[in-house]
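Chain by chain, the residues:
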Amino acid sequence: MKGYFVGRVMAVVMLGFGWAQAADWPQYGGPDRNNVSSEKGLARKWPEAGPKVLWTVNLGPGYASPSIAGGRVYILDRPDDVHDVLRCLDIKDGKDIWNVTYEAPGSVSHNGSRTAPTVDGQYVYSVGLLGHFYCVDLATNRPVWHKNICADFGLEVPRWGVTQAPSLYKDLVIVAPQAPEAFVAAYRRNTGELVWKSPSLGLVGYVTPVIAALDGVEQAVMVGAGSKDEAVKGAVAGISLEDGSILWRYEGWQCFIPIPYPVILPDDRLFITGGYRAGSAMIQVKKQDGAFAVKELFKTDVCGSQIQQPILFDEHLYLNSNSNEREDGMMCLTLDGQMKWKTKDIAGAPTFERGPLLMADNLIFNLDGKRGILYLVEPSPVGYKELAKVQLLGGKEIWAPMALSDGKLLVRSQSEMKCLDVGKPN
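Just so it is clear, the structure is predicted and the values come from calculations on it, not from any experiment.

Thresholds applied
- Each chain has its residues counted from 1, running along the sequence as written.
- Totals for whole chains, interfaces and linings use every residue, but because this is a predicted model, local features are given only for residues with pLDDT of at least 70 and side-chain atom pairs only at 80 or more, for both listing and counting.
- Just so you know, side-chain values use all the structure's heavy atoms and leave hydrogens and water out.
- Numbering of helices and strands runs from the N terminus; a helix is a DSSP stretch of H or I covering at least four residues, while a strand is a stretch of E covering at least two.
- As defined in this context, the radius of gyration uses C-alpha atoms, and a globule is described by 2.2 Å times the residue total to the power 0.38.
- Each residue's exposure class comes from its accessible area (1.4 Å probe, protein chains only) as a fraction of the maximum for that residue type: buried when under 20%, exposed when over 50%, partly exposed otherwise.
- Whether two residues touch is decided by their heavy atoms; if any such pair falls within 4.5 Å, the residues are in contact.
- Any carboxyl oxygen of Asp or Glu within 4 Å of a side-chain nitrogen of Lys or Arg constitutes a salt bridge here.
- A pair of strands counts as paired when DSSP detects no fewer than two bridges linking them.
- In this analysis, axes come from line fits to C-alpha atoms, helices being fitted only over the stretch in contact, and the angle between any two N-to-C directions falls in the range 0 to 180 degrees.
- Put simply, the grid is 1 Å and covers the protein atoms alone, a cavity is a trapped set of points that fit a 1.4 Å probe, a pocket is an open set with protein on both sides within 12 Å along at least five of seven lines, and lining residues have an atom within 4 Å of a point.
- Grid points are joined across faces, edges and corners, and a volume is the space filled by probe spheres set on the points.
- Following the grouping adopted for this structure description, the nonpolar residues are Ala, Val, Leu, Ile, Met, Phe, Trp, Tyr, Cys and Pro, the charged ones are Asp, Glu, Lys and Arg, and the polar ones are all others, Gly among them.
- Joining through side-chain atoms within 4.5 Å is the link that ties buried Ala, Val, Leu, Ile, Met, Phe, Trp, Tyr and Cys residues into a set, and such a set is a nonpolar core.

### Some details on the overall build of the protein chain
A tally of helices and strands in the protein chain yields one helix and 33 strands. Computed over its C-alpha atoms, the radius of gyration of the protein chain comes to 20 Å, within 12% of the 22 Å expected for a compact globule of 426 residues. Over its C-alpha atoms, taken along the principal directions, the protein chain stretches across nearly 55 × 50 × 40 Å. Across the 426 residues that make up the protein chain, the buried fraction comes to 62%. Taking as baseline every contact in the protein chain between residues at least 6 positions apart, the subset at least 24 positions apart corresponds to 54%.

### Overview of the pattern of salt bridges
Under the criterion given, the structure shown has 16 salt bridges. Of the charged contacts, one joins R87 and D96 as a salt bridge, the two residues approaching to 2.9 Å between their closest N and O atoms. When salt bridges that share partners are traced, they join D77, R87 and D96 into one network.

### Things to note about the sheet that holds strand β23 (residues 311–313)
If you walk across this open sheet you meet the four strands as β23-β24-β25-β26, and the pairing is antiparallel. Two strands bound the open sheet, and with one partner strand each, they are β23 and β26 (339–342). Sheet twist, expressed as the average angle between the axes of neighbouring strands with direction ignored, equals 25°. Note that strand β25 (residues 327–334) and β26 share three bridges and pair antiparallel. Note on β26: the bridge partner recorded for M331 is K342.

### Re the sheet that holds strand β4 (residues 72–77)
Spatially, the four strands line up as an open sheet ordered β3-β4-β5-β6, and their pairing is antiparallel. Two strands in the sheet have a free side with no partner beyond their single neighbour: β3 (67–69) and β6 (96–103). On average, each strand axis in the sheet is inclined to that of its neighbour by 20°, with strand direction left out of account. Note that β4 and strand β5 (residues 83–90) share six bridges and pair antiparallel. Bridge pairing links L76 to L86 in β5.

### Considerations on unusual backbone geometry
Despite not being glycine, D267 shows a phi value in the positive range, around 60°. Along the polypeptide, D267 turns up in the loop between β19 (263–265) and β20 (269–274). The phi angle at E397 is positive, at roughly 50°, despite the residue not being glycine. Locating E397 in the fold gives a position in the loop between β30 (385–391) and β31 (403–405). Exposure remark for E397: the relative accessible area of 18% places this residue in the buried category.

### Digging into the layout of surface pockets
Here the second largest pocket is characterised by a volume of approximately 530 Å³. What lines the second largest pocket is a set of 22 residues, and nearest its centre among them are R114, T163, I259, I307 and W399. Residue composition of the lining of the second largest pocket, by class: 12 nonpolar, eight polar and two charged.

### A short note on the side chain of S323
Note that S323 resides in the loop between β24 (316–322) and β25. For S323, a relative accessible area of 8% corresponds to the buried category. Not counting chain neighbours up to four residues away, the residues in contact with S323 comprise G275, Y276, Q306 and R354.

### Observations concerning the nonpolar core
If you look at the biggest cluster of nonpolar residues, it comprises 46 residues, and the most contacted ones within it are I174, W248 and W253. Counting residues per element, the ones that place at least two in this core are β12 (172–175), β15 (210–214), β16 (217–223), β17 (236–240), β18 (246–250), β20 and β21 (279–288). W248 has contacts with L214, Q219, V221, V236, A237, G238, L270, I283, V285, F292 and V294, leaving out every residue within four places of it along the chain. If you look at the next biggest cluster of nonpolar residues, it comprises 34 residues, including W55, L59, A388 and I398.

Listed below in structure tokens is the structure:
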């Protein structure tokens, strides 16, 4: 079942990435948008000084993670309050190959860049802090088309900015304006023509739509925010990739500031988590009599990740159960919602704050979001197994997701990005 499920997910996601190399990390969350890489041959121990730092580049403030394709690094930088800069760097040395700069004056709370670009081999797509949606041709390094997913639908920029990482499906590029009449929207990749838009799923949040196959039907899964007093209900929903209609919706879990997207699990299940005391839930989506039905499998307050995506490995979920209200640390959870362990209960173990996780070669890289320490962890339901650690980054709010390609791990702070050699020594 596990192998079948992984194959199904890869088949769906890679519809947008048929060109991609095995080592590429072409979008937010990696090739399968699950923060897992298929790479092998990584080092299981580090020198005392940590993995070799191959290069370091300066960045403007923010949280945008890089994408990697064909030996190039793509990152949407925001060096000031006036411009967005889509940068293309050589992964060998970090040197700029080209950049596209456009005016985007304005600021929000926790200012700076947000999410990763999406690369499809011909184009790179990005959405900036204030809603500027650009398609850039990789052959000419020039914009092909651009929109503004806030202004185009009469929506004010959200309090913490626009946090959209475009998703690809066949000839479509999909984003979530979260406007009342266009909660999720699909555009033609090569022209920017608006193809469809979906009905509302609640208030504006900070979730990226993810493509999934549930009971054999490919769809976009999206989360809407509810109001703090729950007078307005948000919904988790499946959206038709053909016309934007709602295939199913679930309102049993509410979060007034949702950020992580649902984790796709075997047997058509979705794990949903968030901060702000929302906790977590597991649902199952199946077709009955020609229509989709949602079954709530469980809800729990035992864990809640405010920002980062949980990782599935060997029938267990690994996550940093941390938010404004709690700091449980790294946690291992069974797929029926039972906690196996959390690092808060382990003397001397880190709690990681709201830092990101990435998995490859049966190893989890976990970056402490407050202290900038990178940990190498062996996932196990038996307990927390730390293999190595290194002090890597300074500053605060080190929350940007990492990226991995060909043994090179990219990590960033509020001021710089580093490339680490995490492969085994020759």
